Amino acid sequence: MNRRMGFCKAALLLVSMPCVGAELFYMDHNPFTNEYVGPTGPLVISGEIIPGDYDRLLSRILEDEDRFLSQNKIILASDGGDVAEALKIAQLIKSLFTEVIVGPLTGRCVSACFFIYAAANQRGTDGERLIGINRPYIANLEAVSVPDAAMTESSALARVRAFLRENAVPDYLIDEMFRRASDDAYWLSANDEKNLGYRSPAFTRHLMKKCAWDDEVERATYAGRKPMDELKQMMKCRTRVTQDAARQALVLVSKERAARGAAGKSLSGP
């Protein structure tokens with residue numbers, strides 16, 4: 001029973017730094033070049049992440065599902081916030097096969113924001129000191145009884161480690177994260193980002209299975225050694241399978257949210 005309570009408390013207490021809430025808006029400029037692209041730009045998550053931002057993000061996507069999925073891309077520009085909420089957002093982004101980018105125009109992705117970046121099937125940056133990691137800050141441990149405090153902190157950090165490993169974050173980056181104080185970010189180098197990967201291993205396997213994706217064909221095409229035809233076919237297939245999967249995922253999470261809302265109303269009574 002105490003162990004179960006420890007995990008429950010851990011989920012509630014996992015936060016990064018004090019936060020005021022994330023802004024959600026569609027970008028009208030290219031985050032790398034600052035070129036105006038009109039009202040068709042990707043969705044931006046900016047500012048501190050707080051409880052409730054998962055539902056706000058889902059609502060914003062569902063307001064105009066076609067608009068979001070026309071690019072299926074999110075720009076991250078957050079210094080962190082509530083880790084438990086960030087993990088929920090990360091799972092949503094992963095299920096939608098959404099590409100995540102961090103650019104110098106919009107700002108950096110630090111602390112809890114990194115969990116969203118790490119879970120994305122496709123991700124990338126354009127610049128230095130844009131991705132920062134540090135040890136998750138466990139708030140309000142003073143509210144937990146002394147015997148439970150160590151268990152609560154241990155359970156919370158174990159949850160973070162499990163998430164990172166599930167998403168194939170290199171062990172040395174996990175170790176670096178937990179070595180750092182909560183206010184002392186380690187900034188990923190270009191080599192770190194290469195080791196993390198611009199496409200998750202799971203997504204690469206998915207593309208190989210569904211689209212006969214070949215990384216060598218992609219590299220050779222961009223190097224000018226092969227014509228675009230074969231790569232275009234692979235990319236067309238990638239768009240089709242990810243769009244279909246994203247729409248199915250949105251149906252599922254919408255039903256889950258409706259069920260939670262119904263359950264909440266039934267508990268509150270007439």
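This one's a predicted model, so the numbers in the text were calculated from it and none came from an experiment.

S.K.: When you look at the overall build of the chain in this model, what are you seeing that I'm missing?
M.R.: Within the chain one finds 11 helices and 10 strands. Sorting the 270 residues of the chain into buried and exposed places 47% on the buried side. For the chain, the exposed area adds up to about 13,800 Å²; of that, 53% sits on carbon and sulfur atoms.

S.K.: What exactly am I supposed to notice about the side chain of Thr 98 here?
M.R.: Within the secondary structure, Thr 98 is located in the loop between α4 (83-95) and β5 (99-102). When its relative accessible area of 0% is taken as the criterion, Thr 98 is described as buried. A polar contact is formed between the side chain of Thr 98 and the side chain of Asn 72, at a distance of 2.7 Å. With near-sequence residues (within four places) excluded, Thr 98 lies in contact with Phe 68, Asn 72, Lys 73, Ile 74, Ile 93, Ala 120, Asn 121 and Gln 122.

S.K.: What am I meant to see in the side chain of Arg 199 here?
M.R.: Positionally, Arg 199 belongs in the loop between α8 (190-196) and α9 (201-211). Within the structure, the side chain of Arg 199 is placed 2.4 Å from the side chain of Asp 215, a separation counted as a polar contact. Side chain to side chain, Arg 199 and Glu 218 meet in a polar contact 3.3 Å long. If sequence neighbours within four positions are ignored, Arg 199 has contacts with Asn 121, Arg 123, Thr 204, Leu 207, Trp 213, Asp 215, Glu 218 and Arg 238.

S.K.: Help me understand the confidence of the model for the chain, please; the structure alone is not making it clear to me.
M.R.: Close inspection of predicted coordinates is inappropriate for parts of the model with low pLDDT. Counting all residues, the mean pLDDT for the chain is 86, and 86% of those residues have values of 70 or more. In the predicted structure, residues 1-19 sits below a pLDDT of 50 and forms 52 contacts with residues beyond four places in sequence or in another chain.

S.K.: Where do I start with unusual backbone geometry in this structure?
M.R.: Generally, phi is negative for residues other than glycine and the peptide bonds are trans, each holding for most cases. One non-glycine residue, Phe 97, adopts positive backbone phi at about 55°. Inspection of the secondary structure puts Phe 97 in the loop between α4 and β5. Phi is positive for Ser 111, which is not a glycine, with a value near 60°. In this fold, Ser 111 is placed in the loop between β6 (109-110) and α5 (113-119).

S.K.: Can you walk me through the pattern of salt bridges in this structure?
M.R.: Side chains that carry opposite charge are capable of pairing whenever their charged atoms lie near each other. Across all of its chains, the model carries 16 salt bridges by this definition. With a closest N to O distance of 2.9 Å, Arg 247 and Glu 65 form a salt bridge. Of the two residues, Arg 247 sits in helix α11 (residues 229-268) while Glu 65 sits in helix α3 (residues 65-71), which places them 182 residues apart along the sequence. Residue classification places Arg 247 among the partly exposed residues on the basis of a relative accessible area of 32%. By relative accessible area, Glu 65 is classed as partly exposed at 24%. Ionic pairing is found between Arg 165 and Asp 171, a salt bridge with its closest N-O pair at 4.0 Å. Sharing partners across several salt bridges, the network here consists of Glu 176, Arg 179, Arg 180 and Asp 184.

S.K.: Before we go on, may I ask you to explain helix α10 (residues 215-222) in this structure?
M.R.: Residues that lie three or four places apart on an α-helix share one face, since the helix turns once every 3.6 residues. When we look at burial in α10, the residues that qualify are Val 217, Glu 218, Ala 220 and Thr 221. Its side-chain oxygen at 2.8 Å from the backbone nitrogen of Glu 216, Asp 214 defines the N-terminal cap of α10. One or two residues past the end of α10 sits Gly 224, with phi positive at roughly 85°.

Each value, and the rule that gives it
Residues numbered from 1 in each chain as written. Predicted model: local features only at pLDDT ≥ 70, side-chain atom pairs only at ≥ 80, totals over all residues. Heavy atoms only, no water. Helix = DSSP H or I, 4+ residues; strand = E, 2+ residues; numbered from the N terminus. Buried < 20%, exposed > 50% of the residue type's maximum accessible area, 1.4 Å probe, protein only. Areas by Shrake-Rupley, 256 points an atom, 1.4 Å probe, with all protein chains shown as cover. Polar contact = N/O pair within 3.5 Å; in protein donor to acceptor, adjacent residues only side chain to side chain. Contact = heavy atoms within 4.5 Å. pLDDT = per-residue confidence, 0-100. Salt bridge = Lys/Arg side-chain N within 4 Å of Asp/Glu carboxyl O.

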